[in-house]
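Structural features, examined
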Amino acid sequence: MQQYDLTDAQKKAFEENEADFRRLDDQIRGVQETARTRLTNNGWEPEPDPDGGIPCLACPCPEFQFGGQLGKCKRGSCRHSSGSHDWPT
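The following refers to the structure shown. (Residues numbered from 1 in each chain as written. Predicted model: local features only at pLDDT ≥ 70, side-chain atom pairs only at ≥ 80, totals over all residues. Heavy atoms only, no water.)

1. Here we look at the layout of surface pockets
Stated formally: Two kinds of site are reported from a 1 Å grid over the protein atoms alone, namely cavities, where a 1.4 Å probe fits but cannot get out, and pockets, open sets with protein on both sides within 12 Å along at least five of seven lines, and residues are called lining when an atom falls within 4 Å of a point. Grid points are joined across faces, edges and corners, and a volume is the space filled by probe spheres set on the points. Amino acids outside the nonpolar list (Ala, Val, Leu, Ile, Met, Phe, Trp, Tyr, Cys, Pro) and the charged list (Asp, Glu, Lys, Arg) are all regarded as polar, and Gly is one of them.
Considered as a void within the structure, the largest pocket measures approximately 170 Å³ in volume. Looking at the largest pocket, the residues that line it are Trp44, Pro46, Glu47, Pro48, Asp49, Gly53, Pro55, Pro60, Cys61, Pro62, Glu63 and Arg75. Its residues placed into classes, the lining of the largest pocket shows 7 nonpolar, 1 polar and 4 charged.

2. Considerations on the packing of aromatic side chains
The cut-off we apply is this: A pair of Phe, Tyr and Trp rings is counted when the ring centres sit within 6.5 Å of each other, with Trp represented by its six-membered ring. The angle between the planes then sorts it: under 30 degrees is stacked, over 60 is edge-to-face, the rest tilted.
On inspection of all chains with the given rule, the structure shows 3 aromatic pairs. By the ring-pair criterion, three or more aromatic residues cluster together here, those being Phe64, Phe66 and Trp87.

3. Quick look at the environment of Glu15
We apply this condition: Starting at the N terminus, helices and strands are each numbered in turn, a helix being any DSSP run of H or I of at least four residues and a strand any DSSP run of E of at least two. Only protein chains enter the accessibility calculation, which uses a 1.4 Å probe; a residue whose area is less than 20% of its type maximum is buried, one above 50% is exposed, and one in between is partly exposed.
Within the fold, Glu15 resides in helix H1 (residues 8-41). What makes Glu15 exposed here is its relative accessible area of 53%. Spatially, the C-alpha atom of Glu15 lies 32 Å from that of Leu57, the residues being 42 residues apart in sequence.

4. Focus: the pattern of salt bridges
We apply this condition: When a carboxyl oxygen of Asp or Glu is within 4 Å of a side-chain nitrogen of Lys or Arg, the pair counts as a salt bridge.
Counting across every chain of the model gives 6 salt bridges. In this structure, Asp20 and Arg23 form a salt bridge, with 2.1 Å as the shortest nitrogen-oxygen distance. With Asp20 and Arg23 both in helix H1, this residue pair falls 3 residues apart, about one helical turn. The partly exposed category is assigned to Asp20, whose relative accessible area is 42%.

5. Here we look at the side chain of Gln32
This is how the line gets drawn: The criterion used for residue contact is that any of the two residues' heavy atoms lie within 4.5 Å.
Inspection of the secondary structure puts Gln32 in helix H1. In this structure Gln32 comes out as buried when scored by relative accessible area, which is 14%. Those residues in contact with Gln32 that lie beyond four places of it in its chain are Leu57, Gly83 and His85.

Given below as structure tokens:
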């Protein structure tokens, strides 16, 4: 494993960045859970996809398609970010 010669200030900056990203991940998971619950409470259940499709929580896109710019769904009718899709936890 490669060793990095970091100053104490750089180590602290990385630790703060890691904590911020962890908070962001927690917030995204909360938004996804709220979106999933809202849709379920209104009778929306995605069709089970035997190939493991990842439906969008922001539109009725049935499956995330990789290859779009900046992590967005390549499907022309969707184009939402990967975070808008119901990834398995």
